[in-house]
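Working through the structure, step by step
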Amino acid sequence: MQILHCSGGEMGSSPIGSSSGGDGWCRWRWHRSKSNSNSVKNGSNNCNEKCVLSSTFAYFLFSFLVLGSIGSLYARLMLTANVRGEASLGCQEDNEGSWSIGVFYGDSPFSLKPIEDVNVWRDKSAAWPVANPVVTCASPSNAGFPSNFVADPFLYAQGDILYLFYETKNSITMQGDIGVSRSTDKGATWQQLGIALDEDWHLSYPYVFDYDGNIYMMPEGSQKGDLRLYRAIDFPLKWTLDKIIIKRPLVDSFIIPHEGKFWLFGSDHSGIGTQKNGQLEIWYSSSPRGPWKPHNKNPIHNTDKSMGARNGGRPFVYDGNLYRVGQDCGETYGRRVRVFRVEVLTTDEFKEVEVPSGIEESSKGRNAWNGSCYHHLDVQQLSSGEWIAVLDGDRVPSGDANRRLILGFVSVLAVAVLVVLVGMLVGAVRCIVPLSWCPHDMGKRSDAFLGLERSNLLSSKLRLVCSRLNRMSWILRDRIRPNTCTGIFVLALTVLVAVVLTCGGITYIYGGSGAQEPYLLNGHYSKFTLLTMTYDARLWNLKMYVKHYSRCSSVHEIVIVWNKGIPPKSSDFDSAVPVRIRVEKQNSLNNRFKMDSSIKTRAVLELDDDIMMTCDDIERGFRVWREHPDRIVGFYPRLINGNPLRYRGEKHARKHDGYNMILTGAAFVDSQAAFKRYWSKEAEVGRALVDSYFNCEDVLMNYLYANASSSPVVEYVKPAWALDTSKFSGVAISRNTQAHYGVRSSCLRKFSDIYGSLTLRKSEFSKRKDGWDL
């Protein structure tokens, strides 16, 4: 049997001195069977080698299992899958982003508000109100045209009908095509008509305009090396090539009439010395069909890419002034739009000055549909005088997918290095590279390799590197002894860093963009109001609560019902949405369900200020409520049964595989129906009991819902995790669980006498196909 060690004494006549060690450098051993040894002695080249499991291999296996388990647990609790809509095809992660399109309205092009602020409701899609984005990758995908994203929107109005032309990236060909949609309700709902233009090259920026009784489209097709003009022959789906107007690869071009001439603005990034996304040229003609002459000062701009030189949508005229929309690509491609007022436009001169765009950027970051980028704006005035705009946006910067993949693999590599480092410190890894793997000890080598060794001493150099790497183990163990306080600290810190990097690597590779996105339902997104009830002793907790939940994508407003003490100011909170403080005259739990005409959304999330959960859990709950707006949809189930009735926790419901109550301390309700029921004549006795017990307002709401319908009235959604922060503050209403449950049991018996029993209204867990109620 031949045993290969990495210790110096067993490696033959190496020109490199090896450090000694009593138990040798390498813990990897290779054994040959006796028959194989005889075969070698007889000159046979056939040998059967068998790897024997060593302590080093066991250490690496153990490390892999431990870190893998930690990573799996982290992924299960903390990571949420990216939500890209309801599309069965399309909506795949794309390195260019996940662009979508929103609609805005205003009295002027500089006072635009998103559609959710205009309060447009659509019953069919349970959107109360409709919220941006209104066109996403799911829109064409569900119509049979798989798309990874939609961008570069242009409007075309025919009376009260709006057509929307946009770039859609085909999920199969990975090429941009021109899609088209139609709206008959001013942009709230869009019918996907199909693909208006599909060429053998990438298309985008479908600038559509009228001229001489015809409808023209001038899309970007710079890959073809020219700028083409198409004419509609059967609007909006059939187009024919009318003319190649410029044989230059112009990007993001538009044509406008101004003072007796037609002007073409575009960027050519193909020239030497051209600043990409920072160049702009102007051409002029007497007709959109040409011929075109270059402006005397071309390029008009050749500057930093953040300055808005590249076009970002349709120009517009307001109060007699011409405005151009440009892209700021400084931080990332298409970071934002910038608006410029054109002050001079002649064949010899051009001057423009920047003006405020009036577009308010979201503070929700990646949880907002346009939180990272918005690079294209088309604003037009309708026949009614109202202004409408379409804006594209993305929640992640361009190149985010590749960046996350690189960071993920770098994190994994760093974890591997740390695992080896810990193994060297504890003695489980005696060598990094077995010297038997180095070229000096290879069995059979080619003549070319031998020649290379003789001429360059490659073998000796590699053995020197191997030996020095392997000596690191002894050097580390000599300087950092694991049985000392310093050694234990270093080991603990290294393990902690390895765990953090493991979770980070999993987040980068499998965690998606990091956005906790809303869930689409029947083609629409919507918004809800978050309402919480509190008082002065819980202010510290409330600030953390507002900061966290205001960043959730579908939260429209936060209403704080202030029951006692001096109320704070709205400006005291770090919030991404408006915060309204409703100060109550009486400290009553009934205030939670008070009628409030200032609430503009139909959905209200009643959420105690001491409950923290992920935005994704909140979004899933909202999606389920939109499916069943007549139910209480929440995160804390209870089963009310027994004789006499007893109030018990979630474990009791799990044990009996069912529930008939949802606690409204964390639940979605219909603000119109729920509040009306709670303040009805029927509920008057129940409200009096709530005041007398200072408890049970959520129990009363469940009884009122059950009385109003014979169908199921509660729906459970399981959160990934939920943290009760009141346990750290000592200001919880239900500090004494046994006493709290006793009071609620009394409430149950009295409410049952008044409103009837809930015991026969049991719903089972695990009914949903998506598994959200497991």
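A few points on the structure.

Analysis parameters
Residues numbered from 1 in each chain as written. Predicted model: local features only at pLDDT ≥ 70, side-chain atom pairs only at ≥ 80, totals over all residues. Heavy atoms only, no water. Helix = DSSP H or I, 4+ residues; strand = E, 2+ residues; numbered from the N terminus. Contact = heavy atoms within 4.5 Å. Expected span 1.5 Å × (residues − 1). Buried < 20%, exposed > 50% of the residue type's maximum accessible area, 1.4 Å probe, protein only. Pairing = 2+ DSSP bridges. Phe/Tyr/Trp six-rings, centres within 6.5 Å; stacked < 30°, edge-to-face > 60°. Lys NZ or Arg CZ within 6 Å of the ring centre and 35° of its normal.

Moving on: the side chain of Glu 697. Positionally, Glu 697 belongs in helix H14 (residues 697–708). If we skip the residues at most four places from it in the chain, Glu 697 touches Leu 589, Arg 592, Phe 593, Tyr 678 and Val 690.

In this section: helix H10 (residues 615–627). Count 3.6 residues to each turn of an α-helix, and residues three or four apart come out pointing the same way. Across its 13 residues, H10 extends 19 Å between first and last C-alpha, which sits within 8% of the 18 Å expected from 1.5 Å per residue. Counting buried positions over the 13 residues of H10 gives 12, a clear majority of the element. Within H10 the residues assigned to the buried category are Cys 615, Asp 616, Asp 617, Ile 618, Glu 619, Arg 620, Gly 621, Phe 622, Arg 623, Val 624, Trp 625 and Arg 626.

Spatial ordering of the open sheet is given by S4-S3-S24-S23, a layout of four strands whose pairing is antiparallel. Since the sheet does not close on itself, it has two edges, and those belong to strand S4 (113–114) and strand S23 (373–381), each with one partner. Note: strand S3 (residues 100–106) against S4, two bridges, orientation antiparallel. Residue pairing in the sheet places Tyr 105 in a bridge with Lys 113 of S4.

On to the packing of aromatic side chains. Evaluation of the coordinates by the stated rule reveals 37 aromatic pairs. Where Tyr 318 meets Trp 387, the ring centres are 5.8 Å apart and the plane angle is 80°; that geometry is what we call edge-to-face. Pair noted here: Tyr 318 is in strand S19 (residues 316–318) and Trp 387 is in strand S24 (residues 387–394), with a separation of 69 residues, a long-range link. Take Tyr 318: its relative accessible area is 23%, and that puts it in the partly exposed class. Centroid distance Tyr 716 to Phe 765: 5.5 Å. Interplanar angle 85°. Geometry classified as edge-to-face. Taken together, the residues Tyr 716 in strand S35 (residues 714–716) and Phe 765 in the segment after helix H15 (737–755) connect sequence positions 49 residues apart. Through successive ring pairs, a cluster of aromatic residues spans Phe 154, Tyr 205, Tyr 207, Phe 209, Tyr 211, Tyr 216, Phe 254, Phe 262, Phe 265 and Phe 350. If you follow Arg 620 out to its NZ or CZ, it ends over the ring of Trp 772, 5.5 Å from the centre. Geometry around Phe 622 places Arg 626 over its ring, the cationic atom sitting 5.9 Å from the centre.

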